[in-house]
Amino acid sequence: MKKLIAATSLIALATGGLSSAQSAPTAMATPLTDIRDGEPMRLVYEVKATAWALFIPITGRANFRMDLKPNTYSIKANVKTTGLADILVNYDMRLAASGYVRDDHLQPYAYVSQNRDGKKNRRVEMTYGSDDVEMTATPAFGNLGEPPATPAQKLGAADPLTAFLGHAFLPRPANGNPCGGPMKIFDGRQLTYLTFENAGLKEVKTDAFRGEAYECHVDMDKVAGYDADEINAKETLTGIDGPLRMWMAPMDNGTYMPVKIQADTDAIGTVTLQVSKLRYESLETGSN
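Residues numbered from 1 in each chain as written. Predicted model: local features only at pLDDT ≥ 70, side-chain atom pairs only at ≥ 80, totals over all residues. Heavy atoms only, no water.

Engineer: Break down the overall build of the protein for me, citing the residues and quoting the values.
Structural biologist: When helices and strands are counted, the protein shows six helices and 13 strands. A total of 288 residues make up the protein; the buried ones form 49% of that total. Only carbon and sulfur atoms are counted for the fraction: they give 49% of the accessible area of the protein, which is about 13100 Å². (Helix = DSSP H or I, 4+ residues; strand = E, 2+ residues; numbered from the N terminus. Buried < 20%, exposed > 50% of the residue type's maximum accessible area, 1.4 Å probe, protein only. Areas by Shrake-Rupley, 256 points an atom, 1.4 Å probe, with all protein chains shown as cover.)

In structure tokens form, the structure reads like this:
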């Protein structure tokens, strides 16, 4: 889960009804429909995170490039902490995911993460099959948690990259939750569900976005693959003590992009993530 939070909540640096004052947006065709119809798309997305320890800034940055073609998708990402963050939790990660574009969701096939933390430098590789998710970790995990995730649970979730960015492309039904349904994430060992409660539209200003976004309150359920001490651990940035909030902005093409994330931690207080780059490009004109 440590890499999961770094990749989705940095992302450290990765249910609910409608607000009575706001109504849900009108249902829109999923943007995957246009992609499936032959309009390939590239998403360029970058976020930066900031926290403070003893009045000294702790920073992190993550950048993503996601290519969506009529039948397949691929994602590449880099996640790195700088400054004092290396003292608390060190991430210098390279991640990649690929899979298939379906009418209303992304179906993962392969995922790789490589963390160079100066200690284990662990590499995790996953391949989604028909009956299970094959996983290889080098060096190997000491254990797979108690209880470990079952094959059905793993197949019912997505890798961290697909889960996080793919959530933006899921359809939001009329009169439903604009924050979207549960985000089910499997990182090779730990299975985590994030559910969202809509707290209404709020004004958000970041380097790459200014406008209204839905404030979504996040509940984290550690389902499988955790040891008891990991479930209760709150000693680093991965130990989010809550609340965790994510602001999702409805975009012109029908996606709902996370433009700001804020979490409380025991170690260094509030961590704030803001989007610094956010654009969609046609693959025919996008840079390589």
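Let us keep going from here.
Engineer: Can you lay out the nonpolar core for me, pointing to particular residues and giving the numbers?
Structural biologist: Of all hydrophobic cores here, the largest spans 66 residues; its most connected members are Tyr-45, Leu-68, Leu-165, Phe-196 and Val-259. Element by element, the count of residues in this core is highest for strand S1 (residues 41–53), at six residues. (Core = buried A, V, L, I, M, F, W, Y, C linked by side-chain atoms within 4.5 Å.)

Engineer: Could you give an account of the environment of Leu-191, naming the residues involved and the relevant values?
Structural biologist: Take Leu-191: it is sitting in strand S9 (residues 191–205). Distance in space between the C-alpha atoms of Leu-191 and Ala-149 is 6.5 Å, their sequence separation being 42 residues. If near-sequence neighbours (up to four positions away) are discounted, Leu-191 is found in contact with Ala-149, Gln-153, Ala-157, Ile-185, Phe-186, Asp-221, Lys-222, Val-223, Ala-224 and Tyr-226. (Contact = heavy atoms within 4.5 Å.)

Engineer: Report on the side chain of Asp-159, specifying residues and quantitative values.
Structural biologist: When you line up the elements, Asp-159 lands in the loop between helix H4 (151–155) and helix H5 (160–166). In terms of polar contacts, Asp-159 uses its side chain to reach the side chain of Thr-162, at 2.7 Å. Excluding residues that lie within four positions of it along the chain, Asp-159 makes contacts with Tyr-73, Ala-97, Pro-108, Tyr-111, Met-126, Tyr-128, Ile-185 and Phe-186. (Polar contact = N/O pair within 3.5 Å; in protein donor to acceptor, adjacent residues only side chain to side chain.)

Engineer: Tell me about the pairing of strand S5 (residues 106–115), residues and numbers included.
Structural biologist: For S5, the buried fraction is high: seven of the ten residues fall into the buried class. In this structure, strand S4 (residues 92–101) lies alongside S5, joined through nine bridges in antiparallel fashion. The partner of Tyr-100 across the bridge, within S5, is Gln-107. (Pairing = 2+ DSSP bridges.)

Engineer: Tell me what's going on with the pattern of salt bridges, and back it up with residues and numbers.
Structural biologist: A full pass over the atoms with the stated rule returns twelve salt bridges. In this structure, Lys-154 engages Asp-132 in a salt bridge whose closest nitrogen and oxygen atoms are separated by 3.0 Å. Taken together, the residues Lys-154 in helix H4 and Asp-132 in the loop between strand S6 (123–128) and strand S7 (133–138) connect sequence positions 22 residues apart. When the shortest N-O distance is used, the salt bridge between Lys-202 and Glu-215 registers 2.9 Å. Taken together, the residues span a long stretch of sequence, with Lys-202 in strand S9 and Glu-215 in strand S10 (residues 210–224) at a distance of 13 residues. Members of the salt-bridge network, linked through shared partners, are Lys-80, Asp-92 and Arg-94. (Salt bridge = Lys/Arg side-chain N within 4 Å of Asp/Glu carboxyl O.)

Engineer: Which residues make up the state of the cysteines, and what values go with them?
Structural biologist: Scanning the entire structure with this criterion turns up one disulfide. The residue that forms a disulfide with Cys-179 is Cys-216, at a sulfur-sulfur distance of 2.1 Å. The sign of the S-S torsion, about -90 degrees, decides the handedness of the disulfide formed by Cys-179 and Cys-216: left-handed. You can see Cys-179 sitting in the loop between H5 and strand S8 (183–186) and its partner Cys-216 sitting in strand S10, a full 37 residues away along the chain. (Disulfide = S-S within 2.5 Å.)

Engineer: I'd like to hear about the side chain of Glu-46, residue by residue, with values.
Structural biologist: In this structure, Glu-46 sits in strand S1. Residue Glu-46 is classed as buried on the basis of its relative accessible area of 13%.

Engineer: Explain the packing of aromatic side chains to me, and be specific about the residues and the numbers.
Structural biologist: A full pass over the atoms with the stated rule returns four aromatic pairs. Through a chain of ring-to-ring contacts, the aromatic side chains of Tyr-45, Phe-64 and Phe-164 assemble into a single cluster. Geometry around Trp-247 places Lys-260 over its ring, the cationic atom sitting 5.0 Å from the centre. (Phe/Tyr/Trp six-rings, centres within 6.5 Å; stacked < 30°, edge-to-face > 60°. Lys NZ or Arg CZ within 6 Å of the ring centre and 35° of its normal.)

Engineer: Describe unusual backbone geometry, naming the residues involved and giving the relevant values.
Structural biologist: Here Thr-138 and Pro-139 are connected by a cis peptide whose omega angle stands at -5 degrees. Cis rather than trans, the peptide bond between Glu-146 and Pro-147 has omega equal to 0 degrees. Along the chain, Pro-147 turns up in the loop between S7 and H4. Phi at Asn-121 is positive, roughly 45 degrees, even though this residue is not glycine. Tracing the backbone through its elements, the reader meets Asn-121 in the loop between S5 and S6.

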